[in-house]
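# Coordinate analysis (summary)
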2 protein chains.
Amino acid sequence: MSKTELKLYQSNGSPNCRRVRIYLAEKGICASTIPVDLAAKEQFSDAYAAINPRRVVPTLVLGDGTAIGEVPAIWRYLEEAYPDRPLIGNTPREKALATMWERQVELEGFNPTMEAVRNAAPVLKGRAIAGSHDYEQIPALVERGKRRVKDFYADFNARLAEVGFVAGDFFSIADITAMVTVDFATKALSLPIPNDHMALRRWYELISSRPGIAA
Amino acid sequence: MSKTELKLYQSNGSPNCRRVRIYLAEKGICASTIPVDLAAKEQFSDAYAAINPRRVVPTLVLGDGTAIGEVPAIWRYLEEAYPDRPLIGNTPREKALATMWERQVELEGFNPTMEAVRNAAPVLKGRAIAGSHDYEQIPALVERGKRRVKDFYADFNARLAEVGFVAGDFFSIADITAMVTVDFATKALSLPIPNDHMALRRWYELISSRPGIAA
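Quick caveat: nothing in here was measured; it's all calculated off a predicted structure. (Residues numbered from 1 in each chain as written. Chains lettered and ligands numbered in written order. Predicted model: local features only at pLDDT ≥ 70, side-chain atom pairs only at ≥ 80, totals over all residues. Heavy atoms only, no water.)

A word on the relation of the copies chain B and chain A. The transformation that overlays chain B on chain A combines an axial shift of 0.0 Å with a rotation of 180 degrees, and the residual RMSD is 0.0 Å. On this basis, the relationship between the two copies can be described by a two-fold rotation axis. A shared binding surface is used by both copies, with 100% of the interface residues of chain B retained as interface residues in chain A. (Least-squares fit on C-alpha atoms with pLDDT ≥ 70 in both. Contact = heavy atoms within 4.5 Å.)

Written as structure tokens, this is what we have:
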């Protein structure tokens, strides 16, 4: 299996896809990107469902045809296959800390942002949850999601007053998910980092200067 | 750091803790378990918050004092430190597949079960989401959660008609989370596997016979 045969099915506007694009750029891994047109509901086509039965982006397809969905699983494959420039820590302890903090950012920042957006957008009526099944929007989740994003900002401002990166003293997938969360909450919910959250703003400026972040 | 110094802060009734207990039993890893009394709200004590600022169980504390929260992060540490009897796959491809399927079970089965329970239980009023912040229950999430559990059963019945284990042809963390989900949905939501879901029932019988599953 040639590593050069990696194919990433993705959409430029999808925050989950951006989590993988930044990872690839930071590692210097080349993958052919294949666009999936979410506005045209291409993820529900038979062709895409054959690759990803959950009908979500992104999907990484390996040279042997194995299709890997879910961002942490894609990262896991790539980190094993391309160990240089580790982004999930170096030691068992660091790997656990990167995994823990990335998940905490996802649970407390990324997921509430997505939930607030999906339960509000008229175009997602009847599609409040990504995946194979249709579920109606629940308006109460919009306000709750926004409140949770504000709590996330306050909690991680406190965290980043004590450490340089989300997982501690090394750049990791936890910073990637936090960065994608801030940018998407700013754009889709008009919730930028509050001005008085100085540590979080300082971290954001630092991370923004990395070349892979524009991916 | 001695591996024998592992301490697991946990509660017997917590499904998240059971995910770790089964993993430890299947691997044959010994850890001292330290009970956290959730009924007495011990997770909100200053002593526990110093170990896990999110105030959730379980937490694994290593010999050097490092505290690891979040089930996938605890598994990640243990799988690195104790590579024998792999439960997250053997190769990069298998590791990615185990991670993908375990996450899919969590998103589509485990999380909806927990959401339905947390938004219904009178004792959890004002505590609909585990963690440091208080959020009110949303009754609509109870019915949605139950519907999602039924969709999960149907989808994974179809999957297990084609493969022996959730992640394919090897036992993994994906089976552990699926098992904990079925047992908790049965007990807390009165949602057992439907009688006509033959493949899922066959899988359940097979997994139930493993010695570690009673953990």
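We now examine the pairing of strand β1 (residues 7–10) of chain A. Residue and element names in this part refer to chain A. Judged from the 4 bridges that link them, β1 and strand β2 (residues 32–35) form a sheet pairing that is parallel. The partner of Lys 7 across the bridge, within β2, is Ser 32. Each parallel crossover has a hand, and the one from β1 via helix α1 (residues 15–27) to β2 is right-handed. Two strands pair when backbone bridges link them, and β1 and strand β3 (residues 59–61) are joined in this way by 3 bridges, in the antiparallel orientation. Paired with Lys 7 across the bridge in β3 is Val 61. (Pairing = 2+ DSSP bridges. Helix = DSSP H or I, 4+ residues; strand = E, 2+ residues; numbered from the N terminus. Right-handed = clockwise from strand over helix to strand, strands pointing away.)

A few words now on the pattern of salt bridges. The tally for this structure, following the rule as stated, stands at 30 salt bridges over all chains. Here Asp 183 of chain B makes a salt bridge to Arg 18 of chain B, at a shortest N to O gap of 2.9 Å. Of this pair, Asp 183 of chain B sits in helix α6 (residues 173–189) while Arg 18 of chain B sits in helix α1 (residues 15–27), and the two are 165 residues apart along the sequence. For Asp 183 of chain B, a relative accessible area of 21% corresponds to the partly exposed category. The shortest N-O distance in the salt bridge between Glu 80 of chain B and Arg 76 of chain B comes to 3.4 Å. Note that Glu 80 of chain B and Arg 76 of chain B are positioned in helix α3 (residues 71–81) at a spacing of 4 residues, about one turn of the helix. Connected via shared salt-bridge partners are Arg 19, Arg 54, Glu 70, Glu 102 and Glu 106 of chain A together with Arg 103 and Glu 108 of chain B. (Salt bridge = Lys/Arg side-chain N within 4 Å of Asp/Glu carboxyl O. Buried < 20%, exposed > 50% of the residue type's maximum accessible area, 1.4 Å probe, protein only.)

Attention shifts here to helix α7 (residues 198–208) of chain A. All names here are of chain A. Where α7 is concerned, the buried positions are Ala 199, Leu 200, Trp 203 and Ile 207. Along the axis of α7, the buried residues cluster in a sector spanning 95 degrees; they form a single face. Projecting away from the buried face of α7 at angles above 90 degrees are the exposed residues Met 198, Arg 202 and Glu 205. In this structure, the buried side of α7 is in contact with α5 (140–160) and α6 (173–189). (Arc of directions from axis to C-beta.)

Attention shifts here to α1 of chain A. Over its 13 residues, α1 of chain A runs 19 Å from end to end, which matches the ideal 18 Å to within 8%, given 1.5 Å per residue. With 12 of 13 residues buried, α1 of chain A is to be regarded as a mostly interior element. Of the residues making up α1 of chain A, those classed as buried are Pro 15, Asn 16, Cys 17, Arg 18, Arg 19, Val 20, Arg 21, Ile 22, Tyr 23, Leu 24, Glu 26 and Lys 27 of chain A. For α1 of chain A, the secondary structure elements touched by its buried residues are β1, α3 (71–81), α4 (92–118) and α6 of chain A together with α4 (92–118) of chain B. Positive backbone phi, approximately 75 degrees, marks Gly 28 of chain A, located one or two places after α1 of chain A. (Expected span 1.5 Å × (residues − 1).)

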